[in-house]
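Coordinate inspection notes
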Amino acid sequence: MLMEPETALAARIKAIGFQCQRCGDCCRRVARESNLVMVGPPEIRRICTATGRAWREIAEPYPEFIEDGQGTRYTFGWCLKRTEDRCMFLEHDHCAVYDHRPWICRTYPFMLGEEGLMVFECPGLGRDIADKDAVAIARNLLARTRAEDEEYAAVKMHFMNMKPSGGRTLVIDSEGEKPIHG
Ligand code: SF4
């Protein structure tokens, strides 16, 4: 993956411009799966600690499963639970876990992909951004990418070492295999 230095990334974000309008559109379902927030175990545990809620109260398996042909179904991650039309933590247009929100929420509408900086649709784009805020987004983007790379490597390692045993439904994350019961 192309990883720009923090200052270069911040300069690009500054040139694009961004200021959150607090519309909450990134937390609502405005299109199919538009508010799917993928989270890794460290992010889930951080929110559990902050809210006193259990893992399964706030996170659900990523909704795409594959089958191994021997009766085992698995998916490779978690996402925050949602209600009919929004993230479970969007309360009166405010994030109830703002200080503990996942990387995706901290860095939206930006992401670092294989080709470098990606920008998603957002009404906050094109607006003046302070230097320090551009640097903060750049720093979070780089930290998010490192966290996602670590998660991916650990998931791959657990997947490669899985022992075949049929008839299970599993989430494979960076901590290992987690069976889904019902
Ligand atoms: S965790 Fe907070 S910022 Fe992230 S989608 Fe939910 S309400 Fe929005």
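The following refers to the structure shown. (Residues numbered from 1 in each chain as written. Predicted model: local features only at pLDDT ≥ 70, side-chain atom pairs only at ≥ 80, totals over all residues. Heavy atoms only, no water.)

It is worth spelling out a negative patch on the surface at this point. Residues Glu-114, Glu-115, Asp-149 and Glu-150 make up a contiguous surface patch of negative charge. Position of Glu-114 among the secondary structure elements: in the loop between strand 8 (110-113) and strand 9 (116-119). Residue classification places Glu-114 among the exposed positions, given a relative accessible area of 60%. (Patch = residues over 30% accessible without salt bridge, like charges linked within 9 Å, V, L, I, M, F, W, Y side chains within 5 Å. Areas by Shrake-Rupley, 256 points an atom, 1.4 Å probe, with all protein chains shown as cover. Salt bridge = Lys/Arg side-chain N within 4 Å of Asp/Glu carboxyl O. Lys, Arg positive; Asp, Glu negative; His and termini not counted. Charge placed at Lys NZ, Arg CZ, Asp CG, Glu CD. Helix = DSSP H or I, 4+ residues; strand = E, 2+ residues; numbered from the N terminus. Buried < 20%, exposed > 50% of the residue type's maximum accessible area, 1.4 Å probe, protein only.)

Moving on to the site of the ligand. For the ligand, the full set of nearby residues is Cys-27, Val-37, Leu-80, Cys-87, Phe-89, Leu-90, Cys-95, Val-97, Pro-102 and Cys-105. Of the residues that constitute the shell around the ligand, the class distribution is ten nonpolar, no polar and no charged. (Near = heavy atom within 4 Å. Nonpolar A, V, L, I, M, F, W, Y, C, P; charged D, E, K, R; others polar.)

Our next topic: a nonpolar patch on the surface. Together, Ile-66, Phe-76, Phe-159 and Met-160 line one region of the surface with nonpolar side chains, adding up to about 360 Å² of accessible area. Mapped onto the secondary structure, Ile-66 falls in strand 3 (residues 66-67).

The next thing to look at is the pattern of salt bridges. All told, the structure shown has twelve salt bridges when counted by the stated rule. Close ionic contact of Arg-86 with Asp-85 constitutes a salt bridge, the shortest N to O distance being 3.3 Å. Ionic contacts of the salt-bridge type, sharing partners, join the residues Arg-45, Asp-173, Glu-175 and Lys-178 into one network.

Taken as a whole and judged by the stated rule, the model has six aromatic pairs. Ring centres of Trp-55 and Trp-78 lie 5.3 Å apart, and the angle between their planes is 75 degrees; on these two criteria the pair is classed as edge-to-face. With Trp-55 in helix 3 (residues 55-58) and Trp-78 in strand 5 (residues 78-80), this pair connects stretches of sequence that are 23 residues apart. Consider the rings of Tyr-108 and Phe-120, whose centres lie 6.3 Å apart with planes at 15 degrees: the pair is stacked. Of this pair, Tyr-108 sits in the loop between helix 4 (103-107) and strand 8 while Phe-120 sits in the loop between strand 9 and helix 5 (131-160); the two residues are twelve residues apart in sequence, bridging distant segments of the chain. Here Tyr-108 falls in the partly exposed class, since its relative accessible area comes to 28%. (Phe/Tyr/Trp six-rings, centres within 6.5 Å; stacked < 30°, edge-to-face > 60°.)

For the rest of this paragraph, the subject is the packing of helix 1 (residues 6-16) against helix 5. Look at helix 1 against helix 5: their axes get within 8 Å of each other, and the N-to-C directions meet at 125 degrees. Our classification of the angle between helix 1 and helix 5 gives oblique. Between helix 1 and helix 5 lies a crossing of right-handed hand. Of the residues in helix 5, those touching helix 1 at Glu-6, Leu-9, Ala-10, Ile-13 and Lys-14 are Asp-131, Ala-134, Val-135, Ile-137, Ala-138, Arg-139, Leu-141 and Leu-142. Among the residues making up the contact of helix 1 with helix 5, the classes are represented as nine nonpolar, no polar and four charged. (Axes fitted to C-alpha atoms, helices over the stretch in contact; angles between N-to-C directions. Parallel < 35°, antiparallel > 145°, perpendicular 65-115°, else oblique. Left-handed = near helix turned anticlockwise from the far one by under 90°. Contact = heavy atoms within 4.5 Å.)

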